[in-house]
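These are the residues of each chain, in order.
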Amino acid sequence: MAFIGAGTNKKISASAPSEYRDQFSPHHFDAQLIDFSDGKDQPDNYEAFIDRRLELIAERINTYLGVEAN
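Below: a short report on this structure. For clarity, every value in this text was computed on a predicted model and none was experimentally measured.

With respect to the overall build of the chain
Thought 1: On a plain count of helices and strands, the chain comes out with four helices and zero strands.
Thought 2: The order of helices and strands in the chain, counted from the N terminus, is α-α-α-α.
Thought 3: The 70 residues of the chain split such that 20% are buried.
Thought 4: Taken as two groups, the 7 positive and 12 negative side-chain charges of the chain have centres that lie 8 Å from each other.

Set out below in structure tokens:
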């Protein structure tokens, strides 16, 4: 889940990230902890995308809480 406005949601609709990612600044994806490297913008790599995003979210939360990861 990423936080986007209704207009953006309608703009990207059901498109694959590879189709819409160049329409937005990388800054916007970085702010949402979205990593499209290594082909993660392709539908076939959705699981890798989700796994990486969960890692990034956990890292951010642990940093915020001052918890060191193992």
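Structure's up, so let's keep going.
Quick look at the packing of aromatic side chains
Thought 1: On inspection of all chains with the given rule, the structure shows five aromatic pairs.
Thought 2: Ring centres 6.3 Å apart and planes at 80° place the aromatic pair Y20 and F24 in the edge-to-face group.
Thought 3: Among the aromatic residues, those joined into a ring-pair cluster are Y20, F24, F29, F36, Y46 and F49.

Considering unusual backbone geometry
Thought 1: Positioned with a positive phi, S13 is a non-glycine residue whose angle comes to about 45°.
Thought 2: The backbone of D38 sits at a positive phi, close to 55°, despite the residue not being glycine.
Thought 3: One can find D38 in the loop between helix 3 (26-31) and helix 4 (46-65).

The rules behind these values
Residues numbered from 1 in each chain as written. Predicted model: local features only at pLDDT ≥ 70, side-chain atom pairs only at ≥ 80, totals over all residues. Heavy atoms only, no water. Helix = DSSP H or I, 4+ residues; strand = E, 2+ residues; numbered from the N terminus. Buried < 20%, exposed > 50% of the residue type's maximum accessible area, 1.4 Å probe, protein only. Lys, Arg positive; Asp, Glu negative; His and termini not counted. Charge placed at Lys NZ, Arg CZ, Asp CG, Glu CD. Phe/Tyr/Trp six-rings, centres within 6.5 Å; stacked < 30°, edge-to-face > 60°.

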